[in-house]
Amino acid sequence: MSRDREPPVNLLWYHLFKWSVVSPMLGLYFRGRVYSTDQVPQTGGLVVVANHASDFDPPLLSAAVRRPVSYMAKEELFKVPVLSQAIRLYGAYPVKRGSADRSAIREALKQLEQGWAVGIFLQGTRTPDGRIPEPKIGAALIAAKAQVPLLPVSLWGTQRIFTKGSSIPRPAPLTIRIGAPIAPPPSTAREGLEVVTAQCAAEIHRLHDLGR
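Read on for an overview of the structure. Note that this is a predicted model, so its numbers are computed, not measured.

### Some points on the overall build of the chain
Then, in step 1: Assigned secondary structure in the chain consists of six helices and eight strands.
Then, in step 2: Helices (α) and strands (β) of the chain occur, in sequence order from the N terminus, as α-β-β-α-β-β-α-β-α-β-α-β-β-α.
Then, in step 3: Here the C-alpha atoms of the chain give a radius of gyration of 16 Å, agreeing with the 17 Å that 2.2 N^0.38 yields for 212 residues.
Then, in step 4: Dimensions of the chain, computed from C-alpha atoms along their principal axes, come out at roughly 45 × 40 × 35 Å.
Then, in step 5: Scored against the burial criterion, the 212 residues of the chain give a buried share of 48%.
Then, in step 6: Considering only contacts in the chain between residues 6 or more positions apart, those separated by 24 or more positions represent 74%.
Then, in step 7: Put simply, the chain has 26 plus and 16 minus side-chain charges, and the middle of one group is 6 Å from the middle of the other.

Next up, the structure:
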């Protein structure tokens with residue numbers, strides 16, 4: 001049975017962590033600006049797609065869209081006491097090494113069934129400039145299977161949080177821009193997945209080019 005919202009205990013943990021840690025850091029330390037939060041559907045499954053340049057991106061993105069965003073995490077992290085419970089409450093789901101594509105899709109679909117927004121970085125890994133040179137079709141495939149919309153989001157400036165050799169985050173100014181939801185592909189045919197993936201990447205780049 002599908003849900004309209006993520007479980008209440010996860011929503012409570014999200015708000016506790018957001019308002020005590022992430023939002024103060026985004027607003028005060030990074031002087032963050034967030035635009036177009038009214039574009040975010042607040043109920044039902046949703047695939048949030050974004051560019052990726054920093055380890056700070058997942059919690060910043062989740063705080064910006066004003067609803068919990070679930071991400072895949074390495075299976076090994078779920079064997080660490082306390083950390084395992086914390087990241088599960090925040091919406092993380094485990095993915096086995098060597099079978100990331102299959103297990104990620106399966107687990108993401110389970111999260112969407114429970115009313116979560118699922119976060120996917122289109123490039124699949126960090127890029128030094130926050131661009132998406134080779135967007136992957138996985139997000140579009142998941143959206144097609146679940147028939148939920150995709151939400152394009154641009155994270156501007158996060159590549160400057162850490163400089164080479166530094167372990168202390170810099171107070172780099174950040175801007176997060178949210179685009180309009182994009183309809184899922186009507187089927188899992190590759191051509192349609194590629195069209196929607198390109199549409200998502202183009203919108204993220206358009207938002208990113210607006211800068212600060």
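Still more ground to cover, so stick around.
### Re the packing of aromatic side chains
Then, in step 1: Following the criterion strictly, the structure yields six aromatic pairs and no others.
Then, in step 2: Centroid distance Phe30 to Phe56: 5.8 Å. Interplanar angle 90°. Geometry classified as edge-to-face. One end of the pair, Phe30, is in the loop between α1 (8-29) and β1 (33-35); the other, Phe56, is in the loop between β2 (46-50) and α2 (57-65), with 26 residues separating them in the sequence. Side by side, Phe30 and Phe56 carry an identical accessibility label, which is buried.
Then, in step 3: Here the aromatic residues Tyr29, Phe30, Phe56 and Phe162 are joined through ring pairs into a cluster of three or more.

### Examining the pattern of salt bridges
Then, in step 1: Inspection of every chain in the model, using the stated rule, returns six salt bridges.
Then, in step 2: Across the pair Arg126 and Asp55 runs a salt bridge, and its minimum N-O distance is 3.4 Å. On the criterion of sequence distance, the pair formed by Arg126 in the loop between β6 (117-121) and α5 (138-146) and Asp55 in the loop between β2 and α2 is long-range, its members being 71 residues apart.
Then, in step 3: Residue Glu203 pairs with Arg206 through a salt bridge whose shortest N-O separation is 2.9 Å. Taken together, the residues Glu203 and Arg206, both in helix α6 (residues 190-209) and three residues apart, mark about one turn of the helix.

### With respect to unusual backbone geometry
Then, in step 1: Phi at Ser36 is positive, roughly 70°, even though this residue is not glycine.
Then, in step 2: Taking the relative accessible area as the measure of exposure, Ser36 reaches 33% and is therefore partly exposed.
Then, in step 3: At Val82, a position not held by glycine, the phi torsion is positive, near 70°.
Then, in step 4: As for its position among the elements, Val82 is in the loop between β4 (72-74) and α3 (83-89).

### Thoughts on the sheet that holds strand β7 (residues 150-156)
Then, in step 1: An order of β1-β8-β7-β2-β6-β3 is seen for the six strands of this open sheet, with the pairing classed as mixed. Every interior strand has two partners, whereas the edge strands, β1 and β3 (69-70), have only one.
Then, in step 2: Where β3 and β6 come together, two bridges link them in parallel fashion. Bridge pairing links Val69 to Ala117 in β6.
Then, in step 3: The sheet strands contacting α5 are β2, β6 and β7, and the helix crosses β2 at an angle near 170°.

### Concerning the side chain of Ser84
Then, in step 1: On the secondary structure map, Ser84 appears in helix α3.
Then, in step 2: Residue classification places Ser84 among the buried positions, given a relative accessible area of 10%.
Then, in step 3: One polar contact links the side chain of Ser84 to the main-chain carbonyl oxygen of Phe78, over a distance of 3.1 Å.
Then, in step 4: Contact partners of Ser84, with chain neighbours within four places excluded, come to Leu77 and Phe78.

Here is what the cut-offs are and how they apply
- Residues numbered from 1 in each chain as written.
- Predicted model: local features only at pLDDT ≥ 70, side-chain atom pairs only at ≥ 80, totals over all residues.
- Heavy atoms only, no water.
- Helix = DSSP H or I, 4+ residues; strand = E, 2+ residues; numbered from the N terminus.
- Rg over C-alpha atoms; globule rule 2.2 N^0.38 Å.
- Buried < 20%, exposed > 50% of the residue type's maximum accessible area, 1.4 Å probe, protein only.
- Contact = heavy atoms within 4.5 Å.
- Lys, Arg positive; Asp, Glu negative; His and termini not counted.
- Charge placed at Lys NZ, Arg CZ, Asp CG, Glu CD.
- Phe/Tyr/Trp six-rings, centres within 6.5 Å; stacked < 30°, edge-to-face > 60°.
- Salt bridge = Lys/Arg side-chain N within 4 Å of Asp/Glu carboxyl O.
- Pairing = 2+ DSSP bridges.
- Axes fitted to C-alpha atoms, helices over the stretch in contact; angles between N-to-C directions.
- Polar contact = N/O pair within 3.5 Å; in protein donor to acceptor, adjacent residues only side chain to side chain.

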